[in-house]
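Residue-level structure breakdown
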Amino acid sequence: MNQPEPHCAAPLAGRSALITGVSRRQGIGFGVARELAGLGASVFFQHFSPHDAEQPWGSDDIEAVRAELDAALIPGAQSGDLALDLTDTERIPELLDAALALTGRLDILVCNHAKSGDDGGILDMTPERLDAFWDVNTRSTLLLTAEYARRISGRTQGASLRPGDRTDSGTTFHEPTGRIIWMTSGQLHGPMRGEVAYATSKAALAGTTATVAAELLDHGVVLNTINPGPVNTGYLDAEHTDRSAEGIAEVEAAMPFGRFGKPSDPANLIGWLCTDAGSWVVGQVLTSDGGFSLR
C-alpha cells in the first residue's frame, strides 16, 4: 500500500483508520478516533451501544459522537461508522468492507472494543462468564486482525502453519503496509481482584503480541499492544462506578501526577505509533499509565 505524502501538521493526511469500540465520548475509543482525525486520518468507527446501556455509566448519543468526530476531521478527510456486535464474528468481513469503502484504503486498525461488567473473582468463575469475555476481548480481536492482515497482504486463508514455520512474503518493506493496535490492561503489573475473566482475556492479547507481530511483520504490518492504565471513562466517577467508591479519591491523590488518566493520554501514544515517526516500534506491549504501576 503506497503511503501518501503527509502534511507536516497532519502526518496521517490521506490515510484511513478503523477504530472499534467507539460508542461513548468519554471512552478511550473516541479519544483515539479524535486523535487520529486531528492528525489527518479519515476515520471509520464501530460501535455497539447495547453493551454500554447495561453498564452503570450508560450509553451515549451516537449522533453526538458522529458530530464531534466530524468536527475533528481536517478538510478532505471523511468519517463513517457501523453498529455491529463483534461477538458475531461472521460480520467481521462486513465491517472491513464498510471501512475500506470509505476511502478505498485502510492503513490503521485499532482494536479498542472490550466487554466490561458481570465479572468476578476466581471463586465466581463459570464457563459462561469466561466465554463471554474471551469472545469479545480476545476471539474477535484475533479474527479481526486476521481478516485485516489477509486483505493487506492479499493472502487467503490456506493450510495452517506448522510450529516454527514463517509466513515470509519474500518482500522487503521499507515502510509499514498497515498498523494494528491492540489494547491490554493492568494485569501486567499487579492483581486485578474481582476481574478474573477480564484480566484473562486481556492477558492473552499481551501474551501473544510477539508471536502475532512476528508473523504480521513478514507482510509489512506493524502490531503493538497498549496498556492504557487507569483511565477514567466514567467507571471511576462516584455516581457511575462499577466498584466500591471507597478509596477512589485516595488512589487518585496518590497517583504520581495527582489524577487518573484521560482518554487523550493513551490516544496520544497511539496516534504517534500510527505516524511514520512511530514505525520503528514493533511487537511491543507498552504501558501508558502516568507511573501508576510504579507506586
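Residues numbered from 1 in each chain as written. Predicted model: local features only at pLDDT ≥ 70, side-chain atom pairs only at ≥ 80, totals over all residues. Heavy atoms only, no water.

1. Notes on the packing of helix H5 (residues 127-153) against helix H6 (residues 196-217)
- Taken N-terminus to C-terminus, the directions of H5 and H6 make an angle of 20 degrees; their axes are 9 Å apart at the nearest point. Judged by the angle between their axes, H5 and H6 are roughly parallel. For H5 against H6, the interelement crossing comes out right-handed. For the pair H5 and H6, the contacting residues are Arg-129, Leu-130, Phe-133, Trp-134, Asn-137, Thr-138, Thr-141, Leu-142, Thr-145 and Ala-149 in the first and Ala-197, Tyr-198, Ser-201, Lys-202, Ala-204, Leu-205, Thr-208, Val-212 and Leu-216 in the second. (Axes fitted to C-alpha atoms, helices over the stretch in contact; angles between N-to-C directions. Helix = DSSP H or I, 4+ residues; strand = E, 2+ residues; numbered from the N terminus. Parallel < 35°, antiparallel > 145°, perpendicular 65-115°, else oblique. Left-handed = near helix turned anticlockwise from the far one by under 90°. Contact = heavy atoms within 4.5 Å.)

2. Topic: the pairing of strand E2 (residues 42-47)
- With six of six residues buried, E2 lies mostly within the body of the structure.
- Crossover strand E1 (residues 16-19) to E2 through helix H1 (residues 28-38) is right-handed.
- In this sheet, strand E3 (residues 79-83) lies alongside E2 in parallel orientation, the contact comprising five bridges. In the strand pairing of E3, His-47 is matched with Ala-83. (Buried < 20%, exposed > 50% of the residue type's maximum accessible area, 1.4 Å probe, protein only. Right-handed = clockwise from strand over helix to strand, strands pointing away. Pairing = 2+ DSSP bridges.)

3. With respect to the packing of H1 against helix H3 (residues 62-72)
- Between H1 and H3, the shortest axis-to-axis distance is 8 Å and the interhelical angle comes to 25 degrees. In terms of orientation, H1 and H3 fall into the roughly parallel class. Between H1 and H3, the residues in contact are Phe-30, Ala-33, Arg-34, Ala-37 and Gly-38 and Val-65, Glu-68, Leu-69 and Ala-72, respectively.
- Looking at the contact of H1 with H3 residue by residue, the class counts come to six nonpolar, one polar and two charged. (Nonpolar A, V, L, I, M, F, W, Y, C, P; charged D, E, K, R; others polar.)

4. Some thoughts on the environment of Ala-17
- Looking at the secondary structure, you find Ala-17 in strand E1.
- With 131 residues separating them along the chain, Ala-17 and Tyr-148 place their C-alpha atoms 12 Å apart.
- Apart from the residues within four sequence positions on either side, Ala-17 is in contact with Leu-36, Ser-42, Val-43, Phe-44, Leu-106 and Ile-108.

5. Remarks on the packing of aromatic side chains
- Counted under the stated rule, the structure contains one aromatic pair.
- Ring centres of Phe-133 and Tyr-198 lie 6.5 Å apart, and the angle between their planes is 85 degrees; this geometry places the pair in the edge-to-face category. Placement of the pair is Phe-133 in helix H5 and Tyr-198 in helix H6, with a sequence separation of 65 residues. Grouping residues by exposure puts Phe-133 and Tyr-198 together as buried.
- Over the aromatic face of Phe-133 sits the side chain of Lys-115, whose NZ or CZ is 5.1 Å from the ring centroid. (Phe/Tyr/Trp six-rings, centres within 6.5 Å; stacked < 30°, edge-to-face > 60°. Lys NZ or Arg CZ within 6 Å of the ring centre and 35° of its normal.)

6. Concerning unusual backbone geometry
- One non-glycine residue, Asp-118, adopts positive backbone phi at about 60 degrees.
- Along the chain, the position of Asp-118 falls in the loop between strand E4 (108-111) and H5.
- A relative accessible area of 55% places Asp-118 in the exposed class.

7. Side note on H5
- The terminal C-alpha atoms of H5 lie 36 Å apart, and with 27 residues this matches the ideal 39 Å at 1.5 Å per residue to within 8%.
- Residues Arg-129, Phe-133, Val-136, Asn-137, Thr-138, Ser-140, Thr-141, Leu-144, Thr-145, Glu-147, Tyr-148 and Ala-149 constitute the buried set of H5.
- Where the residues of H5 are buried, they touch helix H4 (92-103), E4, strand E5 (178-183), H6 and strand E6 (221-227).
- One or two steps after H5, the chain reaches Gly-154, where phi turns positive at roughly 80 degrees. (Expected span 1.5 Å × (residues − 1).)

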